[in-house]
Amino acid sequence: MVLELISSPPKSTSLYAVVIQLGATSGKIIPASLGRAIHAQVMDWLRLADPQTADIIHRAQVSPFSVSGLMGYRRQPRTKPGDDFIFRIGLLDGDLIEPLLKGIELWHSERLNLGECQFVLRGFYTLPGTHPLADISDYNTLANIDNISEEITLKFLSPTSFKQAKKVQPFPLPELVFDNLWRRWNTFAPPELKFPAVEWNAQIAAFELKTYALKLEASAEIGAEGWVKYQFLEPEAARIATVLANFASFAGVGRKTAMGMGQVSIQNSKFKIQN
């Protein structure tokens, strides 16, 4: 099923990376992963502002947003009230920026419950320059990017995995990474900017990866973190891959990107996971 809000009304072509700043209100131990809880909180904000849109997103097969995990310094053995944390929301449909920000403002001073941990909202950042991880772009700008490279190095910042032959594949093979981004781009980009099917004809030149388990409620999801350098042997595939690699910092890549998995950036990007 394609996301219904794509067809009506005309969709904004903007892409947003929104940074949410939180303050801890208790001294509980913060779990390593709060991806499901952060996803639920984003949906609560959207539902508060626009229940119909939230319902459409809930039923969609492809999520129009991605989220990072909770970033910030985790004291040992437990955090202290007042400690500062952030998470990042990537919006692939620019029309969602208005209900998201409206929902955040309507939430006001109500506390956020992420798992068993409580936080207060300290601020949110949408414009480049207001926070190092906040960003705005649009599909047209990315589609016409000038700096095309036949070598692309991607950093996988949180556990990343893919479905391959009905099994989970944690190694980010070029066809899995760029086919996944291609499908996501073609779901949300304007019709005139959609890409035809691509034969990637790519190889891996170098990599440094480790596998990690990301706990999502009762189950653990295995994925790879680290970096991979991809080489593209045909100019057109390199051009499209460059566009999609830049898109990936908003979209994420692979499975469960709306729950903290598959966060990715191009090498030398400003988007880095904070410990």
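The rules we used
Residues numbered from 1 in each chain as written. Predicted model: local features only at pLDDT ≥ 70, side-chain atom pairs only at ≥ 80, totals over all residues. Heavy atoms only, no water. Helix = DSSP H or I, 4+ residues; strand = E, 2+ residues; numbered from the N terminus. Contact = heavy atoms within 4.5 Å. Pairing = 2+ DSSP bridges. Axes fitted to C-alpha atoms, helices over the stretch in contact; angles between N-to-C directions. Parallel < 35°, antiparallel > 145°, perpendicular 65-115°, else oblique. Nonpolar A, V, L, I, M, F, W, Y, C, P; charged D, E, K, R; others polar. Core = buried A, V, L, I, M, F, W, Y, C linked by side-chain atoms within 4.5 Å. Buried < 20%, exposed > 50% of the residue type's maximum accessible area, 1.4 Å probe, protein only.

## Let's talk about the environment of Leu193
Structurally, Leu193 can be placed in the loop between helix 5 (174–188) and strand 10 (202–216). Linking Leu193 and Gly115, residues 78 residues apart in sequence, is a C-alpha distance of 40 Å. Those residues in contact with Leu193 that sit more than four places away from it in its chain are Tyr139, Asn140, Ala143 and Trp185.

## Things to note about the sheet that holds strand 11 (residues 219–232)
Read across the open sheet, the 4 strands follow the order 10-11-7-12; overall the sheet is antiparallel. Both outer strands of the open sheet, strand 10 and strand 12 (264–266), are each paired with one neighbouring strand and no more. Each adjacent strand pair in this sheet contributes to an overall mean axis angle of 15°, direction not counted. Direction of pairing for strand 7 (residues 151–160) relative to strand 12: antiparallel, over a ladder of 3 bridges. Counted as the bridge partner of Phe156 is Val264 from strand 12.

## Some points on the packing of helix 1 (residues 35–49) against helix 2 (residues 51–59)
In the contact formed by helix 1 and helix 2, the axes pass within 5 Å of each other and the chain directions differ by 140°. It follows from the interaxial angle that helix 1 and helix 2 lie oblique. When helix 1 is examined against helix 2, the residues Met43, Leu46, Arg47 and Ala49 are found in contact with a partner set consisting of Pro51, Ala54, Ile57 and His58. Residues of the contact of helix 1 with helix 2, tallied by class, amount to 6 nonpolar, 1 polar and 1 charged.

## Description of the nonpolar core
Nonpolar side chains tend to gather and get buried jointly when the protein is soluble and globular. Membership of the largest hydrophobic core comes to 37 residues, with the highest contact counts inside it found for Phe178 and Trp185. It is helix 6 (residues 235–251) that provides the largest number of residues to this core, a total of 11 residues. Dropping the residues within four chain positions of it, Trp185 is found in contact with Tyr139, Leu142, Ala143, Leu193, Lys194, Phe195, Val243, Leu244 and Phe247.

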